[in-house]
Amino acid sequence: MRYQQQLQVAVRERFRRLMTATSSAASHEIYLATQWIKAQPALRGLLEEASRAEPGMDHEGFRASLSGSQRFRWPNRTEEGGAVLVWELMQNIARLEESQPDFAQRIAVAYSHSRNIQDSWRELAEEVLQPLFNFLSERIGSQSSVLHTLERYRTRIEWFDRQELYARFEADTANGEEIYNLDLQRFLFLEGDHVTHAKPRSASGEADLIGSLDATDPLVCDGKIFDGSSRGKTYLLKGLHQVVKYAHDYGQHTAYLVIYNITAKLIEFPTDGPADTWPPYTEVSGVRVYFVHVRVLPPATTASKAGKATRVTITRDDLTNPDAN
């Protein structure tokens, strides 16, 4: 809770800096704000999930309406959509900050009817940019991003709880997957307030974790063990296609596949996003599936003595034909 409160204050401070910046420094201040937002896992997660809430928005039309050549309008129908429109605009300004340092200033002058350039910038910041910061501040206080919660879960397991959970797994390997999934279910509820239910029935069978089934936005999250043999690459690929089916069952466009890796091998996934984005994700049949890789095997030695790890690579061809592996 203290982290959330501090982050809320920091978000508001970032917007205050934009409001009080001189118009000539507006592009630079936007660049700094975008870099800061990208460095906050909780904010990245919120914006990543928001981008899936209202696909197909007219970003070009939105930017054109800021120029004064046509009547300004918000094309979004959700708060998430409005936040994404502003976020894309800010990133575009940030990319041009070095080559066109007055780009934000020129947008403000075109948008505003004021004859004072500084007043024009403040008007743009207050009326156009502020909805993004309002969205982030409100969501930080009311909920946690699923992606941020899953990132914290991975860190908690790998840093602190590997031995304890693996001991429970070895004591009951027949139910080992359920042991890990119930642990994840508990964490999602306690840390992110994501209410999930273990193994609900659906038209596709049984998902390990589907949350808030009575709500309008259920969470589709399935956990699969990777042991390198009977539960190897083919098992993971089948798990991928299962979560896609679950998402279709519940009318969702986002799903999460958590991989409990009980080997010393590294698993590489293809991604449709930037190479350095965590977690990697792929689009399958209209569903974005995020791969959350958790190393659950306790290390037998230090990293310096372990040697080079064997890699298991999942390709895009694998994703389209899971039975061929």
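Refer to the structure presented above.
Okay, so let's go over this structure. (Residues numbered from 1 in each chain as written. Predicted model: local features only at pLDDT ≥ 70, side-chain atom pairs only at ≥ 80, totals over all residues. Heavy atoms only, no water.)

1. Details of the pairing of strand β6 (residues 254-261)
Each regular strand shows side chains that alternate between the opposite faces of the sheet.
So, step 1. Counting buried residues in β6 gives eight out of eight residues, a clear majority hidden from the surface.
So, step 2. In the sheet, strand β5 (residues 219-226) pairs with β6 via six bridges, with the strands oriented parallel. The partner of Lys224 across the bridge, within β6, is Ile259.
So, step 3. As for the winding sense of the linkage, the β-α-β connection from β5 through helix α10 (residues 233-249) to β6 is right-handed.
So, step 4. Both β6 and strand β9 (residues 287-295) contribute to a ladder of eight bridges, which runs parallel. Each bridged residue has a counterpart across the sheet, and for Asn261 the counterpart in β9 is Arg295. (Buried < 20%, exposed > 50% of the residue type's maximum accessible area, 1.4 Å probe, protein only. Helix = DSSP H or I, 4+ residues; strand = E, 2+ residues; numbered from the N terminus. Pairing = 2+ DSSP bridges. Right-handed = clockwise from strand over helix to strand, strands pointing away.)

2. A short note on the nonpolar core
So, step 1. Judged by nonpolar contacts, the single largest core of 41 residues is most densely connected at Leu43, Met90, Trp121, Leu129, Leu132 and Leu136.
So, step 2. Secondary-structure elements contributing two or more residues to this core are α1 (2-20), α2 (26-38), α3 (41-50), α5 (79-95), α6 (103-111) and α7 (117-142).
So, step 3. The biggest single contributor to this core is α7, with ten residues.
So, step 4. By size, the runner-up hydrophobic cluster in this structure holds 25 residues, among which are Leu150, Tyr153, Tyr256 and Val294. (Core = buried A, V, L, I, M, F, W, Y, C linked by side-chain atoms within 4.5 Å.)

3. A closer look at unusual backbone geometry
For residues besides glycine, phi is generally negative; the peptide bonds are generally trans as well.
So, step 1. Look at Ser285: it is not a glycine, yet its phi comes out positive at around 50 degrees.
So, step 2. Looking at where Ser285 falls in the secondary structure, it is placed in the loop between β8 (281-284) and β9.
So, step 3. Judged by its relative accessible area of 56%, Ser285 falls in the exposed class.

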